[in-house]
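Analysis of the macromolecular model
Listed below, chain by chain, are the residues.
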Amino acid sequence: VFALSALAFGILEHAFLTSNFAFEVVASHSSTTTPWYYQAAAAWSSQQGSLLLWLLLLSMWSSLVLYMTRRRMRDVTPYATATLLVFAAFFSALLVFSASPFTVAANPVAEGSGLQPLLRNPGMLAHPVFLYSGYTLFTVPFAFAVGALIVRRVDAEWIAATRRFSLAAWLFLGIGILLGARWSYAELGWGGYWAWDPVENASLLPWLTGTAYIHSVLVQERRGMLRVWNLSLLVATFALTILGTFLTRSGILSSVHAFGDGPVGNWLLGFFGLVVVVSLGLIAWRGDRLRSPGSIDSPLSREGSFLANNVLFTVWAFIVLLGTLFPLLVEALQDRKTLVGAPYFDSLSQPIGLMLLFLMGVAPVLPWRKASTELLRTRLFWPAWAGALGLALAVFVGADGWAPLVAFALAGFAMGSAVRQLALATRRQGWRGFVGRANGGMVVHIGVIIIAVALAASNSFTHSATLDLRQGEVVEWGGHTFELLSVDERTNDRGSERRIAANVVLDGEQAYRPATTRYLNM
């Protein structure tokens, strides 16, 4: 399957790079004036090409995991292989019967329409590939979980066998989300890195549940607990990748990220329902074997903190899912349009984010089973001072609002905890301890803390306004001066696209072309 999908994708890429407008998808998404690197990326800018890329990545990761586990779990692997092939068959059927990228144009044209203007960004080269890699990689642990349920393997061996793929899925999906945020910042306005757009939410949802799953499986590996919870999180993560694909490609949502409507949405919605029903049925079928051998001894323990972490991520995912689907439910039930905006998501996500920062500071110092008050006091001494330093820094730089102040303090607390763990491991085991598995998590924590500080600073220090500029006029705002020099308008040879850009002098120093340059279809 991988070889054949690679061959098909190679044919599609060749058609784009050679401007073969006999294919409808090439004629509608490329042109001879499109740079070659955007021609290559245009292969996955269409709905048909993106589904073919999905099949290619799915078959590639499936082949890799089957090679890596060829001598392990000989009872589980056949069922996992069958599950992966069912998914490959579904996306192949989509490409053959509903969204073929090789449909020949009834009336071939000499020149194509060109790549959609907002897609002419370097993010187009990498963002979809990372995002789809994250989606398809989550298929691997899900398939092995299905196989383990079928053969009654309730131990954690299938988790260990697919751990690298789970981590890679989380990493690639996270990189894809960040690349998309950077793309939005460039194309949709200064500071517009996240707007709680429905399609943005569709990629965030599996990342949230996937993060909970990666933490939760540590408890099952260490103490054999949370088996049903882990399977439920994995099912939710994989199902949300399918739901996100449905929201993106069905045309049911109005979004700058959407691919448009078509019969593909019905296929994906049906597949989503089938995945949920079959998965929950398997969990219920093996429910007697999935009972945990023990229980959490104390909330002040590593497993207790992981469970709290899971609850917070799950609640966060539910909040985002509800806000994303609510307008669709209102339209379906009451035949009226409504909008759930940023205030809803911000107000509910903010306290959860702060609680997660607190847990990131406490969890690394907790032992398994139970922690004493004296132990916590000793281990949290330096993280607490780091939190106080973070708060002092926030006050010094003039952070505005209680939430940013708390975020800076908790970020310092969590950073101090992570650095403490890394320092202890390095002192005990040298460089080997620093790069060990557990401390890899601390490095990730530091990265997430930096992002949290950036979000808090952005919300606290960003100020915006709409200014009316006339050519030759100087306008002052926020301690800065703006002068409009000229407005450039360029139309391509076919007259189908017009590029508008403003040349502005900022503080009298240099000409500046804003990142909000637009390409408009005429």
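Above this text is the structure in question.
For every chain, the first residue of its written sequence is number 1, and the numbers climb from 1 along that sequence. Given that this is a predicted model, residues contribute local features only at a pLDDT of at least 70 and side-chain atom pairs are listed and counted only at 80 or more, while totals for whole chains, interfaces and linings are drawn from all residues. Side-chain numbers here rest on the full set of heavy atoms in the structure, without hydrogens or water.

**So, the overall build of the protein chain**
Under the DSSP-based scheme used, a helix requires at least four consecutive residues in state H or I and a strand at least two consecutive residues in state E, with every element numbered from the N terminus. In terms of helices and strands, the protein chain carries 19 helices and five strands. In this analysis, two residues are considered to be in contact whenever any of their non-hydrogen atoms come within 4.5 Å of each other. Within the protein chain, counting contacts between residues at least 6 apart in sequence, those at least 24 apart form 72% of the total. Here the accessible surface of atoms and residues is derived via Shrake-Rupley with a 1.4 Å probe, and residues count as covered only by protein chains that are part of the display. Entry remark: accessible area of the protein chain is about 25400 Å², with carbon and sulfur atoms responsible for 64%.

**Description of the pattern of salt bridges**
Basic side-chain nitrogens of Lys or Arg form a salt bridge, by our definition, when they fall within 4 Å of a carboxyl oxygen of Asp or Glu. The final tally for this structure, using the stated rule, is two salt bridges. For D75, the salt bridge goes to R153, with nearest N and O atoms at 3.1 Å. Linking D75 in the loop between α4 (47-68) and α5 (77-97) with R153 in the loop between α7 (139-150) and α8 (157-161), this pair joins segments that are 78 residues apart in sequence. For D75, a relative accessible area of 31% puts it in the partly exposed group. We note a salt bridge from R153 to E157, for which the minimum N-O separation is 2.2 Å. Look at R153 and you get buried, because its relative accessible area is 19%. With a relative accessible area of 28%, E157 lands in the partly exposed category. When a residue's accessible area, from a 1.4 Å probe over protein chains only, is under 20% of the maximum for its type it is buried; when over 50% it is exposed; and in between it is partly exposed.

**Some remarks on the side chain of T209**
Mapped onto the elements of the fold, T209 is located in helix α10 (residues 198-223). Separated by 2.9 Å, the side chains of T209 and T237 make a polar contact. Throughout this description, a polar contact denotes any pair of N or O atoms lying within 3.5 Å of each other; where both atoms belong to protein, one of them has to be capable of donating a hydrogen while the other can accept it, and for residues adjacent in sequence the pair is counted only when both atoms sit in side chains.

**Details of the nonpolar core**
One finds F91 and W158 to be the most contacted residues of the largest nonpolar core, which totals 101 residues. Discounting chain neighbours no more than four positions away, the residues touching F91 are L51, W54, L55, L58, I242 and L268. One finds L354, A399, I449 and A456 within the second-largest nonpolar core, a separate group that totals 13 residues. Residues grouped as a nonpolar core are buried Ala, Val, Leu, Ile, Met, Phe, Trp, Tyr and Cys residues, joined through side-chain atoms within 4.5 Å.

**A few points about the environment of T77**
Residue position: T77 is located in helix α5. On the basis of relative accessible area, T77 is assigned to the buried category, the value being 12%. When the C-alpha atoms of T77 and V65 are compared, they prove to be 9.8 Å apart, with twelve residues separating the residues in sequence. Each residue touching T77, except ones within four places of it in the same chain, is listed here: L66, T69, R72 and F144.

**Comments concerning the environment of P122**
One can find P122 in the loop between α5 and α6 (123-137). Separated by 84 residues in the primary sequence, P122 and Y38 place their C-alpha atoms 8.5 Å from one another.

**Re the side chain of S417**
Structurally, S417 can be placed in helix α17 (residues 402-429). Look at S417 and you get buried, because its relative accessible area is 0%. In terms of polar contacts, S417 uses its side chain to reach the backbone carbonyl oxygen of G361, at 2.8 Å. Once you skip the residues sitting within four places of it in the chain, S417 turns out to touch M360, G361, P364, V365 and P383.

**Structural notes on the environment of A317**
As for its position among the elements, A317 is in helix α13 (residues 302-334). With relative accessibility at 5%, the residue A317 sits in the buried group. Spatially, the C-alpha atoms of A317 and L208 are 6.1 Å apart, while their sequence positions differ by 109 residues.

**With respect to the packing of aromatic side chains**
The description of an aromatic ring pair rests on the distance of the ring centres and on the angle between the ring planes. A pair of Phe, Tyr and Trp rings is counted when the ring centres sit within 6.5 Å of each other, with Trp represented by its six-membered ring. The angle between the planes then sorts it: under 30 degrees is stacked, over 60 is edge-to-face, the rest tilted. Following the criterion strictly, the structure yields 23 aromatic pairs and no others. Taking 5.5 Å as the distance between ring centres and 45° as the angle between the ring planes, the aromatic pair formed by W54 and Y135 counts as tilted. Taken together, the residues span a long stretch of sequence, with W54 in helix α4 and Y135 in helix α6 at a distance of 81 residues. You'll find W54 and Y135 in the same group, each marked buried.

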